[in-house]
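Secondary and tertiary structure notes
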Amino acid sequence: MLRILLSIVILVSNCAHAGQAEYRKVESRGLGIYYREFGEGAPVLVLGGGPGDSSDRYLSLCDGLAKNHRCILVDQRGTGKSIPAVLDSTTISVDLTLDDFEAVRESLGLKKWAVLGFSYGGYMASLYAHFHPESVSGLVLLGSMGLNTGAFGHFLDNINSKLLPSDVELFEYWNDQARVAENPKHALVERIRARMPGYFFDRNKSLLVSQVMKDGDFNFDMGRFIWQDI
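I will try to describe carefully the structure that is included in this document. (Residues numbered from 1 in each chain as written. Predicted model: local features only at pLDDT ≥ 70, side-chain atom pairs only at ≥ 80, totals over all residues. Heavy atoms only, no water.)

In the contact formed by helix H3 (residues 94-108) and helix H4 (residues 120-131), the axes pass within 10 Å of each other and the chain directions differ by 70°. In terms of orientation, H3 lies roughly perpendicular with respect to H4. For the pair H3 and H4, contact is made by Val 94, Thr 97, Leu 98, Phe 101, Glu 102 and Arg 105 and by Met 124, Leu 127, Tyr 128 and Phe 131, respectively. Here the residues of the contact of H3 with H4 sort into seven nonpolar, one polar and two charged. (Axes fitted to C-alpha atoms, helices over the stretch in contact; angles between N-to-C directions. Helix = DSSP H or I, 4+ residues; strand = E, 2+ residues; numbered from the N terminus. Parallel < 35°, antiparallel > 145°, perpendicular 65-115°, else oblique. Contact = heavy atoms within 4.5 Å. Nonpolar A, V, L, I, M, F, W, Y, C, P; charged D, E, K, R; others polar.)

Within soluble globular proteins, side chains that are nonpolar generally end up buried alongside one another. Counting residues in each nonpolar core, the largest one holds 32 residues, and the members touching the most others are Leu 45, Ile 72, Val 104, Trp 113, Val 115 and Met 124. Only strand S2 (31-38), strand S3 (42-47), strand S4 (69-74), H3, strand S5 (113-118), H4, helix H5 (152-160) and helix H10 (220-229) provide two or more residues apiece to this core. Per-element accounting of this core gives the leading share, seven residues, to H4. What Met 124 contacts, discounting residues up to four positions off in sequence, is Leu 47, Val 94, Thr 97, Leu 98 and Phe 101. Leu 59, Cys 62, Leu 73 and Phe 118 belong to the second largest nonpolar core, which has 15 residues in total. (Core = buried A, V, L, I, M, F, W, Y, C linked by side-chain atoms within 4.5 Å. Buried < 20%, exposed > 50% of the residue type's maximum accessible area, 1.4 Å probe, protein only.)

Our focus in this paragraph is the pattern of salt bridges. Evaluated as defined, the whole model comprises 14 salt bridges. Taking the shortest distance from any N to any O, the salt bridge between Arg 193 and Glu 190 comes out at 3.0 Å. Of this pair, Arg 193 and Glu 190 are both found in helix H8 (residues 184-195), three residues apart, which corresponds to roughly one turn of the helix. For Arg 193, a relative accessible area of 19% corresponds to the buried category. For Glu 190, a relative accessible area of 10% puts it in the buried group. Taken together, the shared-partner salt bridges in this structure form one network comprising Arg 24, Glu 37 and Arg 70. (Salt bridge = Lys/Arg side-chain N within 4 Å of Asp/Glu carboxyl O.)

Structure (structure tokens):
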């Protein structure tokens, strides 16, 4: 686990990505769930944030983990290639997503794996460890949002406490009602970008991540149903 903790710094280094890996698929609760594998060694499941992040945002993290571990990167239900024909509460939920992780683990023939989650992914990783403790060998949380909505305010307070006045000004600029109305998705991505320094100890490394963010990296339609479920 120590090597996992040391490897997470690779998340901020987007100058190099994990090598090309073929997608594999497992059927889970009526949907094909796609995932990729990188490296060899002790298995680590990587869960991105959002809800709705593209798994490609975590390729550089897997690049670092793959030096000593078998990194499994999942397109979570409703993102990437794992998108149902219809997005609604019957196809997108927390319980379904947790079942998907188990389906991937079982398809790989793994008894246990470590789970690493970022932001919302930390929330899902914690729930997964709670409901499936027999499947989890270790847990690493990066900027996790907590286990219930009561902790969400503290999560945001922690992020906001690390922001510079210029970050707050940028957030408010994109929070303006006129800009939100003009292009809601872009405005939301820009607000995420403005807050990104709050997720990292090293501001310079956070900027490496925020500079490469694109609107297409997020599926907020999927996220709507997850938030309702939470």
